[in-house]
Structure formats: structure tokens, C-alpha cells
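# What the coordinates show
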Amino acid sequence: MRITHQLPNLFTTVRLVATVPLVRRIRTGRTGVGTAVGVAAWAATDWVDGRLARRMQWESVIGRALDPIADRAGIAVIGWSLATAGELPRRVPSTVLTVDIATSLLTTQAASRGLLRVSYLGKVRSTILFVALVVAAAGPKKRRRLGRIPHALADLGAVLHVLAGVGYIRAARPLRGTYA
């Protein structure tokens, strides 16, 4: 496999690694436009890596495993950091983390065999959560101008996260008994 075929995995790895300085900025109270741009770039790598992998037919087993880990880990820790900073309601990262744990426990076997695919609802959910994280990372001044929209987006993202998680669990349910 040529090195260019690893570009999607490189973007995913960058997203995973970039989570650390973003969380550090949020935890030290440095929300604002710069942090929002960083979170937006972080979120955009999810679109870039998937698009490259599918369009160029550079999909890999590592990429299929690493991409959702980078997404889930990033949303969880950035969401928790923003909630701790008072920029997001705590119920949002709590809901996301609870659903992620349940989904991981109940779908790992089917997912590891490549039998689960990302749903359209899962993509919409991720996009809404990414937008909510970006707006929340812009800080209280920018968020106040938008009124309740950022929290409403975050709540909508959390509800869609529950629905997507249930969908993945249901899709894996008939498959779980097959491989026990």
C-alpha cells in the first residue's frame, strides 16, 4: 500500500492528537474565536478523512476502527471540557458518554467483524454535535449573541446520539448471537 493511501488515517490521527491542545485551551479558560476555529478544524478532519477514504478507495481496517474512536473520544473530552467551563449543559456529554459506553458494549463484536456501517442518522448527529461544540468553544460572548441556539443544538445532538446508538445496537442485535 502506498503512503498516499494512509492520508485518511493521518487525518484521523491528527484529529485524535489535536484533541489534547484543544481541551487544554478550554480547561484554561481560553475559549473564543481561536478555540472555535481549532474545534472547527478538528471536526472538519472527520469529513476530510472519510471523503478521501471513500472517493480514492483508500479505506482500511485501521481507519474503520480509528475513525469512530477519534470521533467519540474527541466529542466526549471536548464536550466535558466545555461543560466544565460552563459553555455546554452537563447533560449533553453525560448522555453522549452513557450512550457510547452502552453502544460499545453491545456492538463491539459486530463492529469488529465489519458488519456495522455508519448510519445517515449517525452522520447527522455527528454534524450537529460538531457544530454545537464549535459554537460553545467560541465562548460566552459569542454564544450570548446566539441566545439559546447553541444549547438547543447540543440537546438535539444528544437526542440524535441516543437514537443513533439505539439504531446501532438494534442492527448488531441479530448479529451478536451469530458469533457467540
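Since the structure is predicted, the reported quantities are computational estimates derived from the model, not experimental observations.

The next point concerns the pattern of salt bridges. Evaluated as defined, the whole model comprises 6 salt bridges. Here Arg15 ties to Asp49 by a salt bridge, and the two come within 3.0 Å at their closest N and O atoms. Separated by 34 residues along the polypeptide, Arg15 in helix 1 (residues 7-27) and Asp49 in helix 2 (residues 33-55) bring together distant segments of the chain. Among the residues examined, Arg15 registers a relative accessible area of 1% and is labelled buried. A relative accessible area of 3% places Asp49 in the buried class. Bridged by salt links that share partners, the residues Arg15, Asp46, Asp49, Asp67 and Asp71 form one connected network.

It is worth spelling out a positive patch on the surface at this point. Taken together, the side chains of Arg51, Arg54, Arg55 and Lys123 define a basic patch exposed on the protein surface. Position of Arg54 relative to the elements: it lies in helix 2.

Spanning 21 residues, helix 1 covers 30 Å between terminal C-alpha atoms, matching the ideal 30 Å at 1.5 Å per step. Remark: the principal bend of helix 1, roughly 25°, maps to Thr19, with a proline, Pro21, within the next four residues. Buried residues of helix 1: Pro8, Asn9, Thr12, Arg15, Thr19, Leu22, Val23 and Ile26, and no others. Tucked into the core, helix 1 has its buried residues touching helix 2 and helix 3 (61-84). Following helix 1 by one or two positions, Gly29 has its phi on the positive side, about 80°.

Counting 23 residues, the largest nonpolar core has Val39, Trp42, Ile75, Ile78, Leu82, Leu88 and Leu133 as its most contacted members. When contributions to this core are tallied by element, the ones reaching two or more residues are helix 1, helix 2, helix 3, helix 4 (91-112), helix 5 (120-137) and helix 7 (149-176). Of the residues forming this core, the biggest block, 6 residues, is contributed by helix 5. Every residue in contact with Leu82, bar those within four places of it in the chain, is listed here: Ile26, Thr31, Glu87, Leu88, Leu133, Ala136 and Ala137.

Conventions and cut-offs
- Residues numbered from 1 in each chain as written.
- Predicted model: local features only at pLDDT ≥ 70, side-chain atom pairs only at ≥ 80, totals over all residues.
- Heavy atoms only, no water.
- Salt bridge = Lys/Arg side-chain N within 4 Å of Asp/Glu carboxyl O.
- Helix = DSSP H or I, 4+ residues; strand = E, 2+ residues; numbered from the N terminus.
- Buried < 20%, exposed > 50% of the residue type's maximum accessible area, 1.4 Å probe, protein only.
- Patch = residues over 30% accessible without salt bridge, like charges linked within 9 Å, V, L, I, M, F, W, Y side chains within 5 Å.
- Areas by Shrake-Rupley, 256 points an atom, 1.4 Å probe, with all protein chains shown as cover.
- Lys, Arg positive; Asp, Glu negative; His and termini not counted.
- Charge placed at Lys NZ, Arg CZ, Asp CG, Glu CD.
- Expected span 1.5 Å × (residues − 1).
- Bend = angle between axes of the 7 residues up to and from the residue.
- Contact = heavy atoms within 4.5 Å.
- Core = buried A, V, L, I, M, F, W, Y, C linked by side-chain atoms within 4.5 Å.

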